[in-house]
Amino acid sequence: MRLFIPVLAVTALLLPLSAADAGKTVASVPATAPTPLSFAPMIKAVAPSVVTVYSSKNAKAPELPEGMDPDEFFRFFGGAPGGAPDGQRARGRKQQGLGSGVIVSAEGYILTNNHVVDGADEIKVRISEHSAELTAKVVGTDPKTDLAVVKIDAKGLTLPVATFADSAKAQVGDLVFAIGNPFGVGQTVTMGIISATGRGGVGIVDYEDFLQTDASINPGNSGGALVDSTGHVLGINTAILSPSGGNLGIGFAVPANLARSIMESIISGGKVVRGYLGVMIQPVTSELAKSLKLPSEDGALIGDVNDGGPAAKAGLKAGDVIVQVDGQAISDPRQLRLLIASHKPGATVKLTVLRDGAEKKFDAILKDLPTEDEVAKGDSSDAAASGKNVGVRLEELDGQSRRRFQIPAKIEGALIVEVKPDSRAARAGLRPGDVITEIDKQDVAAADEAVKRLRAADGELLLRVYSRGGNRYVVVPAPE
(Lines give C-alpha, C1' and ligand atoms only; values in the text may rest on other atoms or scores of the structure.)
Protein backbone atom coordinates (compact mmCIF):
# COMPACT_ATOMS: atom_id res chain seq x y z
CA MET A 1 0.00 0.00 0.00
CA ARG A 2 1.39 3.33 -1.04
CA LEU A 3 1.11 6.03 1.62
CA PHE A 4 0.52 9.60 0.46
CA ILE A 5 0.82 12.42 2.95
CA PRO A 6 -1.23 15.47 1.93
CA VAL A 7 0.69 18.75 2.01
CA LEU A 8 -1.07 22.06 2.30
CA ALA A 9 0.57 24.73 0.15
CA VAL A 10 0.28 28.06 1.98
CA THR A 11 0.65 31.01 -0.38
CA ALA A 12 0.40 33.81 2.18
CA LEU A 13 0.64 34.25 5.93
CA LEU A 14 -2.88 35.06 7.17
CA LEU A 15 -3.21 37.37 10.17
CA PRO A 16 -6.36 38.85 11.75
CA LEU A 17 -7.33 42.21 10.17
CA SER A 18 -7.46 45.27 12.34
CA ALA A 19 -10.59 47.41 12.41
CA ALA A 20 -8.81 50.04 10.33
CA ASP A 21 -7.87 47.54 7.66
CA ALA A 22 -11.15 45.68 7.55
CA GLY A 23 -12.68 47.85 4.86
CA LYS A 24 -9.64 48.08 2.63
CA THR A 25 -9.40 46.22 -0.64
CA VAL A 26 -6.41 43.85 -1.05
CA ALA A 27 -4.08 45.27 -3.72
CA SER A 28 -3.52 43.20 -6.87
CA VAL A 29 -0.07 42.28 -8.22
CA PRO A 30 1.32 45.24 -10.20
CA ALA A 31 1.31 44.75 -13.97
CA THR A 32 5.00 45.59 -14.02
CA ALA A 33 5.99 42.72 -11.66
CA PRO A 34 9.03 40.74 -12.90
CA THR A 35 8.43 37.36 -14.55
CA PRO A 36 9.24 34.46 -12.18
CA LEU A 37 12.38 32.51 -13.03
CA SER A 38 11.40 29.19 -14.58
CA PHE A 39 13.16 26.26 -16.22
CA ALA A 40 9.88 24.91 -17.57
CA PRO A 41 10.74 25.50 -21.26
CA MET A 42 14.03 23.62 -20.89
CA ILE A 43 12.40 20.74 -19.01
CA LYS A 44 9.60 20.57 -21.57
CA ALA A 45 12.20 20.15 -24.30
CA VAL A 46 14.41 17.50 -22.69
CA ALA A 47 11.99 15.45 -20.53
CA PRO A 48 10.42 13.50 -23.45
CA SER A 49 13.81 11.90 -24.18
CA VAL A 50 13.78 10.23 -20.73
CA VAL A 51 11.79 6.98 -20.73
CA THR A 52 10.67 4.35 -18.24
CA VAL A 53 12.27 0.90 -18.50
CA TYR A 54 10.48 -2.18 -17.14
CA SER A 55 12.22 -5.53 -16.78
CA SER A 56 11.19 -8.97 -15.60
CA LYS A 57 13.04 -12.19 -14.92
CA ASN A 58 12.53 -15.49 -13.16
CA ALA A 59 12.65 -15.02 -9.41
CA LYS A 60 15.53 -16.51 -7.46
CA ALA A 61 16.08 -16.70 -3.74
CA PRO A 62 18.49 -13.96 -2.69
CA GLU A 63 22.00 -15.06 -1.74
CA LEU A 64 22.98 -12.96 1.23
CA PRO A 65 26.14 -13.60 3.26
CA GLU A 66 25.56 -14.63 6.84
CA GLY A 67 25.00 -11.65 9.10
CA MET A 68 24.78 -9.18 6.21
CA ASP A 69 22.70 -6.06 6.74
CA PRO A 70 21.19 -5.22 3.32
CA ASP A 71 20.56 -1.62 4.41
CA GLU A 72 24.07 -0.56 5.34
CA PHE A 73 25.81 -0.10 1.99
CA PHE A 74 25.34 1.51 -1.41
CA ARG A 75 21.88 1.48 -2.89
CA PHE A 76 21.25 1.14 -6.58
CA PHE A 77 17.98 2.73 -7.42
CA GLY A 78 16.31 0.72 -10.16
CA GLY A 79 13.41 0.37 -7.77
CA ALA A 80 10.00 -1.14 -8.24
CA PRO A 81 6.68 0.45 -7.29
CA GLY A 82 6.45 0.08 -3.55
CA GLY A 83 10.13 0.82 -3.10
CA ALA A 84 11.94 -2.53 -3.30
CA PRO A 85 15.44 -1.45 -2.26
CA ASP A 86 17.33 -3.69 -4.66
CA GLY A 87 15.26 -2.57 -7.62
CA GLN A 88 13.21 -5.71 -7.94
CA ARG A 89 10.13 -7.12 -6.26
CA ALA A 90 9.04 -10.72 -6.53
CA ARG A 91 5.55 -11.15 -7.94
CA GLY A 92 4.64 -14.79 -8.22
CA ARG A 93 7.47 -16.47 -10.07
CA LYS A 94 8.71 -13.25 -11.68
CA GLN A 95 10.76 -10.34 -10.43
CA GLN A 96 9.69 -6.97 -11.72
CA GLY A 97 12.22 -4.18 -12.11
CA LEU A 98 11.72 -0.51 -12.82
CA GLY A 99 14.26 2.03 -14.01
CA SER A 100 14.70 4.85 -16.46
CA GLY A 101 16.58 5.41 -19.70
CA VAL A 102 17.62 8.10 -22.16
CA ILE A 103 16.86 8.03 -25.89
CA VAL A 104 20.19 8.59 -27.66
CA SER A 105 19.31 8.07 -31.33
CA ALA A 106 16.38 8.30 -33.72
CA GLU A 107 16.95 4.61 -34.55
CA GLY A 108 15.64 3.62 -31.12
CA TYR A 109 18.80 3.18 -29.04
CA ILE A 110 18.30 3.88 -25.33
CA LEU A 111 21.05 4.28 -22.73
CA THR A 112 20.32 2.96 -19.23
CA ASN A 113 22.03 1.18 -16.32
CA ASN A 114 23.26 -2.39 -16.51
CA HIS A 115 21.62 -3.28 -13.20
CA VAL A 116 18.24 -2.20 -14.60
CA VAL A 117 18.30 -4.87 -17.34
CA ASP A 118 20.82 -7.39 -16.00
CA GLY A 119 19.50 -10.94 -16.40
CA ALA A 120 16.11 -9.75 -17.65
CA ASP A 121 13.97 -12.16 -19.66
CA GLU A 122 11.79 -9.34 -20.94
CA ILE A 123 12.30 -5.58 -21.26
CA LYS A 124 9.59 -3.02 -21.98
CA VAL A 125 9.94 0.72 -22.57
CA ARG A 126 7.31 3.41 -22.16
CA ILE A 127 8.23 6.59 -24.02
CA SER A 128 5.63 8.75 -22.29
CA GLU A 129 3.14 8.25 -19.51
CA HIS A 130 0.31 7.96 -22.03
CA SER A 131 2.01 5.73 -24.62
CA ALA A 132 1.94 1.96 -24.94
CA GLU A 133 4.81 -0.21 -23.75
CA LEU A 134 7.30 -1.18 -26.45
CA THR A 135 9.47 -4.30 -26.42
CA ALA A 136 13.20 -3.64 -26.17
CA LYS A 137 16.24 -5.85 -26.73
CA VAL A 138 19.64 -5.57 -25.07
CA VAL A 139 22.31 -4.42 -27.53
CA GLY A 140 25.16 -4.69 -25.04
CA THR A 141 26.09 -4.11 -21.42
CA ASP A 142 29.12 -2.92 -19.48
CA PRO A 143 29.03 -3.97 -15.81
CA LYS A 144 32.36 -2.22 -15.18
CA THR A 145 30.60 1.16 -15.52
CA ASP A 146 27.04 -0.11 -14.88
CA LEU A 147 25.85 1.03 -18.30
CA ALA A 148 23.76 -0.74 -20.93
CA VAL A 149 22.18 0.01 -24.30
CA VAL A 150 18.78 -1.37 -25.33
CA LYS A 151 16.89 -0.83 -28.57
CA ILE A 152 13.24 -0.51 -29.52
CA ASP A 153 11.71 -0.76 -32.99
CA ALA A 154 11.51 2.89 -34.05
CA LYS A 155 9.64 2.36 -37.31
CA GLY A 156 6.89 4.94 -37.65
CA LEU A 157 8.07 6.79 -34.55
CA THR A 158 9.59 10.23 -34.24
CA LEU A 159 11.73 9.91 -31.17
CA PRO A 160 12.89 12.83 -29.00
CA VAL A 161 16.68 12.40 -28.87
CA ALA A 162 18.74 13.77 -25.98
CA THR A 163 21.85 15.87 -26.52
CA PHE A 164 24.99 15.25 -24.45
CA ALA A 165 26.93 17.94 -22.61
CA ASP A 166 30.72 18.01 -22.22
CA SER A 167 30.94 16.63 -18.70
CA ALA A 168 34.62 17.60 -18.46
CA LYS A 169 33.40 21.19 -18.06
CA ALA A 170 31.13 20.38 -15.08
CA GLN A 171 32.01 22.29 -11.94
CA VAL A 172 30.99 22.02 -8.32
CA GLY A 173 28.05 24.37 -7.85
CA ASP A 174 26.59 23.94 -11.35
CA LEU A 175 22.79 23.68 -11.37
CA VAL A 176 21.48 20.25 -12.42
CA PHE A 177 18.15 18.46 -12.78
CA ALA A 178 17.48 14.73 -12.30
CA ILE A 179 14.77 13.26 -14.52
CA GLY A 180 13.34 9.78 -14.08
CA ASN A 181 10.48 7.71 -12.69
CA PRO A 182 11.08 7.31 -8.93
CA PHE A 183 9.02 4.60 -7.22
CA GLY A 184 6.86 4.34 -10.36
CA VAL A 185 4.87 7.49 -9.54
CA GLY A 186 5.49 8.92 -13.02
CA GLN A 187 8.11 11.10 -14.59
CA THR A 188 9.57 13.44 -11.99
CA VAL A 189 12.06 16.30 -12.14
CA THR A 190 14.18 17.36 -9.16
CA MET A 191 16.79 20.09 -8.87
CA GLY A 192 20.15 20.39 -7.15
CA ILE A 193 23.78 21.16 -7.81
CA ILE A 194 26.94 19.28 -8.69
CA SER A 195 28.35 18.44 -5.26
CA ALA A 196 31.63 16.91 -6.48
CA THR A 197 33.32 15.80 -9.70
CA GLY A 198 35.68 12.91 -10.37
CA ARG A 199 34.33 10.98 -7.41
CA GLY A 200 35.89 7.52 -7.16
CA GLY A 201 36.96 4.89 -4.68
CA VAL A 202 33.42 4.32 -3.46
CA GLY A 203 33.31 0.66 -4.49
CA ILE A 204 30.24 0.79 -6.74
CA VAL A 205 31.79 -0.27 -10.07
CA ASP A 206 35.26 -0.91 -11.48
CA TYR A 207 35.65 2.34 -13.41
CA GLU A 208 34.49 5.22 -11.21
CA ASP A 209 34.60 8.86 -12.23
CA PHE A 210 31.24 9.95 -10.87
CA LEU A 211 29.50 13.28 -10.75
CA GLN A 212 28.03 13.63 -7.26
CA THR A 213 24.80 15.57 -6.82
CA ASP A 214 22.30 16.47 -4.14
CA ALA A 215 19.40 16.49 -6.64
CA SER A 216 16.79 14.15 -5.17
CA ILE A 217 17.05 10.72 -6.79
CA ASN A 218 15.34 7.56 -5.57
CA PRO A 219 14.52 3.97 -6.60
CA GLY A 220 13.34 4.06 -10.21
CA ASN A 221 15.73 6.85 -11.26
CA SER A 222 18.41 4.38 -12.40
CA GLY A 223 19.45 5.12 -15.97
CA GLY A 224 17.68 8.48 -16.01
CA ALA A 225 19.24 11.75 -17.04
CA LEU A 226 21.12 14.32 -15.01
CA VAL A 227 20.85 17.44 -17.16
CA ASP A 228 22.40 20.87 -16.93
CA SER A 229 20.52 24.16 -16.98
CA THR A 230 20.57 24.21 -20.80
CA GLY A 231 18.88 20.81 -21.05
CA HIS A 232 21.93 18.81 -22.12
CA VAL A 233 22.58 15.40 -20.53
CA LEU A 234 25.48 15.79 -18.12
CA GLY A 235 25.34 12.26 -16.69
CA ILE A 236 23.41 9.00 -16.24
CA ASN A 237 22.06 8.58 -12.70
CA THR A 238 23.39 5.34 -11.21
CA ALA A 239 23.44 5.02 -7.42
CA ILE A 240 22.81 6.71 -4.09
CA LEU A 241 24.54 6.42 -0.76
CA SER A 242 21.91 5.77 1.87
CA PRO A 243 21.42 3.59 4.95
CA SER A 244 17.68 3.44 4.33
CA GLY A 245 17.30 3.28 0.54
CA GLY A 246 15.84 6.79 0.26
CA ASN A 247 17.45 9.99 -0.92
CA LEU A 248 19.82 11.67 1.54
CA GLY A 249 21.41 14.08 -0.91
CA ILE A 250 24.33 11.90 -2.03
CA GLY A 251 23.75 10.59 -5.53
CA PHE A 252 26.16 9.48 -8.25
CA ALA A 253 25.93 9.78 -12.03
CA VAL A 254 28.20 8.39 -14.73
CA PRO A 255 29.57 11.49 -16.52
CA ALA A 256 28.31 12.07 -20.06
CA ASN A 257 31.73 11.80 -21.72
CA LEU A 258 32.33 8.33 -20.29
CA ALA A 259 28.73 7.24 -20.90
CA ARG A 260 28.86 8.41 -24.52
CA SER A 261 32.12 6.54 -25.15
CA ILE A 262 30.70 3.31 -23.69
CA MET A 263 27.45 3.78 -25.61
CA GLU A 264 29.21 4.30 -28.96
CA SER A 265 31.38 1.23 -28.41
CA ILE A 266 28.35 -0.94 -27.62
CA ILE A 267 26.32 0.34 -30.58
CA SER A 268 29.17 -0.11 -33.05
CA GLY A 269 30.48 -3.47 -31.84
CA GLY A 270 28.06 -4.89 -29.30
CA LYS A 271 30.64 -4.73 -26.51
CA VAL A 272 33.17 -2.46 -24.84
CA VAL A 273 36.88 -2.82 -25.58
CA ARG A 274 39.46 -1.26 -23.30
CA GLY A 275 43.18 -0.80 -23.33
CA TYR A 276 45.28 -3.05 -21.08
CA LEU A 277 48.72 -2.16 -19.71
CA GLY A 278 49.41 -5.26 -17.62
CA VAL A 279 50.46 -3.85 -14.26
CA MET A 280 49.33 -4.15 -10.67
CA ILE A 281 49.18 -0.65 -9.24
CA GLN A 282 48.67 0.93 -5.83
CA PRO A 283 48.50 4.43 -4.32
CA VAL A 284 51.63 6.28 -3.26
CA THR A 285 51.26 6.78 0.49
CA SER A 286 53.27 9.29 2.50
CA GLU A 287 55.34 6.42 3.91
CA LEU A 288 56.05 5.03 0.43
CA ALA A 289 56.88 8.47 -0.92
CA LYS A 290 59.41 8.95 1.86
CA SER A 291 60.91 5.49 1.46
CA LEU A 292 61.15 5.75 -2.34
CA LYS A 293 62.41 9.37 -2.17
CA LEU A 294 59.53 10.65 -4.29
CA PRO A 295 58.79 14.37 -4.54
CA SER A 296 55.06 13.89 -3.80
CA GLU A 297 52.32 11.32 -3.35
CA ASP A 298 51.09 11.77 -6.93
CA GLY A 299 51.20 8.90 -9.39
CA ALA A 300 50.52 5.16 -9.46
CA LEU A 301 53.09 2.80 -7.96
CA ILE A 302 53.65 -0.43 -9.89
CA GLY A 303 53.56 -3.34 -7.47
CA ASP A 304 53.96 -6.00 -10.14
CA VAL A 305 54.28 -6.30 -13.92
CA ASN A 306 52.46 -9.11 -15.71
CA ASP A 307 54.79 -11.33 -17.71
CA GLY A 308 54.49 -10.73 -21.45
CA GLY A 309 52.14 -7.77 -21.01
CA PRO A 310 52.47 -4.36 -22.67
CA ALA A 311 54.22 -2.83 -19.65
CA ALA A 312 56.74 -5.66 -19.44
CA LYS A 313 57.52 -5.39 -23.16
CA ALA A 314 57.94 -1.62 -22.81
CA GLY A 315 60.50 -2.07 -20.03
CA LEU A 316 58.51 -1.06 -16.94
CA LYS A 317 59.18 -2.89 -13.70
CA ALA A 318 57.95 -3.14 -10.12
CA GLY A 319 58.79 -0.05 -8.09
CA ASP A 320 58.28 2.37 -10.99
CA VAL A 321 55.82 5.20 -10.38
CA ILE A 322 53.75 6.26 -13.39
CA VAL A 323 53.31 10.04 -13.19
CA GLN A 324 52.17 10.90 -16.74
CA VAL A 325 50.27 9.31 -19.64
CA ASP A 326 50.65 11.13 -22.96
CA GLY A 327 51.71 14.22 -21.05
CA GLN A 328 48.70 14.19 -18.71
CA ALA A 329 49.61 14.14 -15.04
CA ILE A 330 48.50 11.10 -13.01
CA SER A 331 47.35 11.80 -9.47
CA ASP A 332 46.36 8.28 -8.38
CA PRO A 333 45.81 4.70 -9.62
CA ARG A 334 42.14 5.32 -10.38
CA GLN A 335 43.01 8.05 -12.87
CA LEU A 336 45.60 5.81 -14.54
CA ARG A 337 43.05 3.00 -14.94
CA LEU A 338 40.51 5.37 -16.49
CA LEU A 339 43.04 6.80 -18.93
CA ILE A 340 44.41 3.44 -20.04
CA ALA A 341 40.89 2.00 -20.40
CA SER A 342 39.85 4.95 -22.57
CA HIS A 343 42.39 3.91 -25.24
CA LYS A 344 41.72 1.22 -27.82
CA PRO A 345 43.82 -1.95 -27.94
CA GLY A 346 46.79 -1.41 -30.24
CA ALA A 347 47.18 2.23 -29.26
CA THR A 348 50.62 3.45 -28.20
CA VAL A 349 50.78 5.45 -24.98
CA LYS A 350 53.74 7.49 -23.81
CA LEU A 351 54.44 6.87 -20.14
CA THR A 352 56.56 9.00 -17.84
CA VAL A 353 57.77 7.18 -14.74
CA LEU A 354 59.96 7.85 -11.75
CA ARG A 355 62.58 5.14 -11.18
CA ASP A 356 65.17 5.42 -8.42
CA GLY A 357 64.59 9.16 -8.27
CA ALA A 358 65.10 9.71 -12.01
CA GLU A 359 62.47 10.43 -14.66
CA LYS A 360 62.27 7.95 -17.53
CA LYS A 361 59.98 7.66 -20.57
CA PHE A 362 58.55 4.53 -22.18
CA ASP A 363 56.24 3.74 -25.10
CA ALA A 364 53.76 0.93 -24.46
CA ILE A 365 51.48 -0.68 -27.04
CA LEU A 366 48.24 -1.57 -25.27
CA LYS A 367 46.46 -4.90 -25.56
CA ASP A 368 42.79 -5.76 -25.15
CA LEU A 369 41.72 -5.93 -21.50
CA PRO A 370 41.19 -9.61 -20.61
CA THR A 371 37.65 -10.60 -19.67
CA GLU A 372 36.85 -11.84 -16.19
CA ASP A 373 36.49 -15.38 -17.54
CA GLU A 374 39.94 -15.19 -19.15
CA VAL A 375 41.45 -13.93 -15.91
CA ALA A 376 39.70 -16.64 -13.90
CA LYS A 377 41.10 -19.34 -16.19
CA GLY A 378 44.62 -18.01 -15.92
CA ASP A 379 47.19 -19.81 -13.76
CA SER A 380 47.90 -16.62 -11.79
CA SER A 381 44.53 -16.81 -10.02
CA ASP A 382 44.94 -20.39 -8.80
CA ALA A 383 46.84 -20.66 -5.53
CA ALA A 384 47.67 -24.34 -5.82
CA ALA A 385 51.15 -25.81 -6.15
CA SER A 386 52.29 -29.41 -6.04
CA GLY A 387 52.89 -30.47 -2.45
CA LYS A 388 51.77 -27.08 -1.08
CA ASN A 389 48.13 -27.00 -2.14
CA VAL A 390 46.24 -24.38 -0.17
CA GLY A 391 43.09 -25.08 -2.13
CA VAL A 392 41.68 -21.66 -2.99
CA ARG A 393 41.09 -19.79 -6.23
CA LEU A 394 41.57 -16.06 -5.94
CA GLU A 395 40.41 -13.08 -7.97
CA GLU A 396 40.81 -9.33 -7.76
CA LEU A 397 38.16 -7.36 -5.90
CA ASP A 398 35.97 -5.40 -8.31
CA GLY A 399 32.68 -3.55 -8.19
CA GLN A 400 30.57 -6.62 -8.94
CA SER A 401 32.20 -8.81 -6.29
CA ARG A 402 31.99 -6.02 -3.70
CA ARG A 403 28.24 -5.71 -4.33
CA ARG A 404 27.67 -9.47 -4.35
CA PHE A 405 29.48 -10.13 -1.08
CA GLN A 406 28.83 -6.70 0.53
CA ILE A 407 32.54 -5.87 0.85
CA PRO A 408 33.19 -2.22 1.84
CA ALA A 409 35.39 -0.03 -0.32
CA LYS A 410 38.03 0.27 2.40
CA ILE A 411 38.74 -3.49 2.37
CA GLU A 412 41.65 -4.46 0.11
CA GLY A 413 43.06 -7.89 -0.59
CA ALA A 414 42.42 -11.08 -2.58
CA LEU A 415 38.88 -12.44 -2.96
CA ILE A 416 38.35 -16.17 -2.45
CA VAL A 417 35.99 -17.37 -5.19
CA GLU A 418 36.46 -21.12 -4.76
CA VAL A 419 37.57 -23.46 -1.96
CA LYS A 420 38.49 -26.99 -2.96
CA PRO A 421 36.88 -29.75 -0.86
CA ASP A 422 39.15 -31.48 1.68
CA SER A 423 41.87 -28.87 1.09
CA ARG A 424 43.91 -27.04 3.71
CA ALA A 425 41.73 -23.97 3.16
CA ALA A 426 38.56 -25.99 3.66
CA ARG A 427 39.91 -27.45 6.91
CA ALA A 428 40.68 -23.92 8.09
CA GLY A 429 37.08 -22.87 7.47
CA LEU A 430 37.68 -20.50 4.55
CA ARG A 431 34.70 -19.90 2.24
CA PRO A 432 33.97 -18.13 -1.06
CA GLY A 433 33.41 -14.44 -0.40
CA ASP A 434 36.16 -14.21 2.21
CA VAL A 435 38.91 -11.67 1.49
CA ILE A 436 42.52 -12.44 2.42
CA THR A 437 43.94 -9.14 3.71
CA GLU A 438 47.13 -10.42 5.36
CA ILE A 439 49.45 -13.39 4.98
CA ASP A 440 51.76 -13.99 7.95
CA LYS A 441 51.05 -10.43 9.16
CA GLN A 442 52.01 -8.88 5.80
CA ASP A 443 49.32 -6.87 3.99
CA VAL A 444 47.89 -8.28 0.75
CA ALA A 445 47.24 -5.73 -1.99
CA ALA A 446 46.16 -7.94 -4.90
CA ALA A 447 45.30 -11.52 -5.92
CA ASP A 448 48.51 -12.10 -7.89
CA GLU A 449 50.58 -11.08 -4.90
CA ALA A 450 48.63 -13.42 -2.63
CA VAL A 451 49.05 -16.32 -5.07
CA LYS A 452 52.83 -15.94 -5.16
CA ARG A 453 53.13 -15.77 -1.40
CA LEU A 454 50.83 -18.73 -0.80
CA ARG A 455 52.76 -20.82 -3.30
CA ALA A 456 56.09 -19.89 -1.78
CA ALA A 457 55.05 -20.57 1.81
CA ASP A 458 55.98 -23.79 3.61
CA GLY A 459 54.22 -25.07 6.66
CA GLU A 460 51.46 -23.41 8.60
CA LEU A 461 50.00 -20.07 7.44
CA LEU A 462 48.50 -17.25 9.50
CA LEU A 463 45.88 -15.37 7.49
CA ARG A 464 43.84 -12.32 8.40
CA VAL A 465 40.51 -12.55 6.60
CA TYR A 466 37.61 -10.15 6.14
CA SER A 467 34.50 -12.28 6.37
CA ARG A 468 30.83 -11.35 6.69
CA GLY A 469 31.26 -7.91 8.13
CA GLY A 470 34.40 -8.35 10.24
CA ASN A 471 38.07 -9.33 10.28
CA ARG A 472 39.41 -12.53 11.79
CA TYR A 473 42.63 -14.52 11.92
CA VAL A 474 42.68 -18.00 10.38
CA VAL A 475 45.41 -20.61 10.71
CA VAL A 476 45.82 -22.75 7.60
CA PRO A 477 47.42 -26.05 8.62
CA ALA A 478 50.70 -27.26 7.14
CA PRO A 479 50.65 -29.78 4.28
CA GLU A 480 50.19 -33.33 5.46
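Along each chain, residue indices are assigned from 1 in the same order as the chain's sequence is written. In keeping with the model being predicted, local features are shown solely for residues with a pLDDT of at least 70 and side-chain atom pairs are shown and tallied solely at 80 or more, while totals for entire chains, interfaces and linings include all residues. To get the side-chain values, all heavy atoms of the structure are used, and hydrogens and water are removed first.

**Quick word on the overall build of the chain**
Then comes step 1: Only DSSP runs of H or I reaching four residues or more are called helices, and only runs of E reaching two or more are called strands; each is numbered from the N terminus. A count of helices and strands for the chain gives 10 helices and 29 strands.
Then comes step 2: Each residue is placed in one exposure class: buried if its accessible area under a 1.4 Å probe, protein chains only, is under 20% of its type's maximum, exposed if it is over 50%, and partly exposed if it falls in between. The 480 residues of the chain split such that 46% are buried.
Then comes step 3: Here, two residues are considered to be in contact whenever any of their heavy atoms come within 4.5 Å of each other. Taking as baseline every contact in the chain between residues at least 6 positions apart, the subset at least 24 positions apart corresponds to 62%.

**Structural notes on unusual backbone geometry**
Then comes step 1: Positive phi is not limited to glycine here, since Phe183 has a value of about 55 degrees.
Then comes step 2: Residue placement: Phe183 occurs in the loop between β9 (175-180) and β10 (188-199).
Then comes step 3: Taking relative accessible area as the criterion, Phe183 reaches 28% and is therefore assigned partly exposed.
Then comes step 4: Here the phi dihedral of Asp356 falls at roughly 55 degrees; this positive angle occurs in a residue that is not glycine.
Then comes step 5: When you line up the elements, Asp356 lands in the loop between β20 (348-355) and β21 (358-365).

**Some details on the pattern of salt bridges**
Then comes step 1: For salt bridges, the criterion is a side-chain nitrogen of Lys or Arg within 4 Å of an Asp or Glu carboxyl oxygen. Summed over the entire model, instances satisfying the criterion amount to 12 salt bridges.
Then comes step 2: A salt bridge links Asp320 to Arg355, with the shortest nitrogen-to-oxygen separation between them at 2.7 Å. With Asp320 in the loop between α5 (310-314) and β18 (321-325) and Arg355 in strand β20, this residue pair connects regions lying 35 residues apart in the sequence.
Then comes step 3: For Asp320, a relative accessible area of 1% puts it in the buried group.
Then comes step 4: Take Arg355: its relative accessible area is 14%, and that puts it in the buried class.
Then comes step 5: Note that Arg453 is salt-bridged to Glu449, the shortest N-O span being 2.6 Å. Of this pair, Arg453 and Glu449 are both found in helix α10 (residues 447-456), 4 residues apart, which corresponds to roughly one turn of the helix.
Then comes step 6: According to the relative accessible area criterion, Arg453 is partly exposed, its value standing at 23%.
Then comes step 7: A relative accessible area of 26% means that Glu449 is categorised as partly exposed.
Then comes step 8: Here the residues in one salt-bridge network are Arg393, Glu395 and Glu418, joined through shared partners.

**Remarks on the nonpolar core**
Then comes step 1: We call a set of buried residues a nonpolar core when its members are Ala, Val, Leu, Ile, Met, Phe, Trp, Tyr or Cys and they connect through side-chain atoms within 4.5 Å of each other. Ranked by internal contacts, the top residues of the largest apolar core, which has 32 residues, are Leu111, Val227 and Val233.
Then comes step 2: Sorting the residues of this core by element identifies α1 (40-46), β5 (109-113), β8 (147-152), β9, β12 (225-228), β13 (233-241), β14 (251-255) and α3 (256-269) as the ones contributing at least two each.
Then comes step 3: For Leu111, the residues in contact, after removing those within four places along its chain, are Gly101, Val102, Val104, Ala148, Val149, Phe164, Gly223, Ile236, Ala259 and Met263.
Then comes step 4: Residues Val390, Ile436, Val474 and Val476 belong to the second largest nonpolar core, which totals 22 residues.

**A few points about the pairing of β8**
Then comes step 1: The element β8 is extensively covered by neighbouring structure, given that 5 of its 6 residues are classed as buried.
Then comes step 2: We treat two strands as partners when DSSP finds at least two bridges between them. Two strands pair when backbone bridges link them, and β5 and β8 are joined in this way by 5 bridges, in the antiparallel orientation. Residue pairing across strands places Tyr109 opposite Lys151, the latter belonging to β8.
Then comes step 3: Note that strand β7 (residues 133-142) and β8 share 6 bridges and pair antiparallel. Directly across from Gly140, in β8, lies its bridge partner Val149.
Then comes step 4: Linking β7 back to β8 in an antiparallel pair, the connection comprises 4 residues, with Asp146 at a positive phi of about 60 degrees.

**Concerning α10**
Then comes step 1: Residues Ala447, Asp448, Ala450, Val451 and Leu454 constitute the buried set of α10. Viewed end-on, α10 has its buried residues packed into an arc of 160 degrees, placing them on one side of the element. The arc in question is formed by the directions pointing from the helix axis toward the C-beta atoms.

**Let's talk about the side chain of Lys144**
Then comes step 1: Inspection of the secondary structure puts Lys144 in the loop between β7 and β8.
Then comes step 2: On the basis of relative accessible area, Lys144 is assigned to the buried category, the value being 18%.
Then comes step 3: A polar side-chain atom of Lys144 sits 3.1 Å from a polar atom in the side chain of Asp206. Think of a polar contact as two N or O atoms within 3.5 Å of one another; within protein, one of them needs to be a possible hydrogen donor and the other a possible acceptor, and neighboring residues in sequence only count if both atoms come from side chains.

**A few points about the packing of aromatic side chains**
The geometry of an aromatic ring pair is captured by two quantities: the separation of the ring centres and the angle between the planes.
Then comes step 1: Two rings from Phe, Tyr or Trp (for Trp, the six-membered ring) form a pair when their centres are within 6.5 Å of each other. A pair whose planes differ by under 30 degrees is stacked, one over 60 is edge-to-face, and the rest are tilted. Using the criterion set out here, one finds 2 aromatic pairs in the structure.
Then comes step 2: On the basis of an interplanar angle of 55 degrees and a centroid distance of 5.0 Å, the ring pair of Phe39 and Phe177 is categorised as tilted. With Phe39 in the segment before α1 and Phe177 in strand β9, the pair connects residues that are 138 residues apart, well separated along the chain.
Then comes step 3: Given the relative accessible area of 4%, Phe177 is considered buried.

**Thoughts on the environment of Val117**
Then comes step 1: Mapped onto the fold, Val117 is located in helix α2 (residues 114-117).
Then comes step 2: Spatially, the C-alpha atoms of Val117 and Gly99 are 8.7 Å apart, while their sequence positions differ by 18 residues.
Then comes step 3: Setting aside residues no more than four positions away along its own chain, Val117 makes contact with Val53, Thr112, Ile123, Val138, Ala148 and Val150.

**Topic: the side chain of Ser55**
Then comes step 1: On the secondary structure map, Ser55 appears in strand β1 (residues 50-58).
Then comes step 2: Looking at Ser55, the relative accessible area reads 5%, which means it is buried.
Then comes step 3: At 3.0 Å, the side chain of Ser55 forms a polar contact with the backbone oxygen of Val116.
Then comes step 4: Those residues in contact with Ser55 that sit more than four places away from it in its chain are Gln95, Gln96, Gly97, Val116, Ala120, Glu122 and Ile123.

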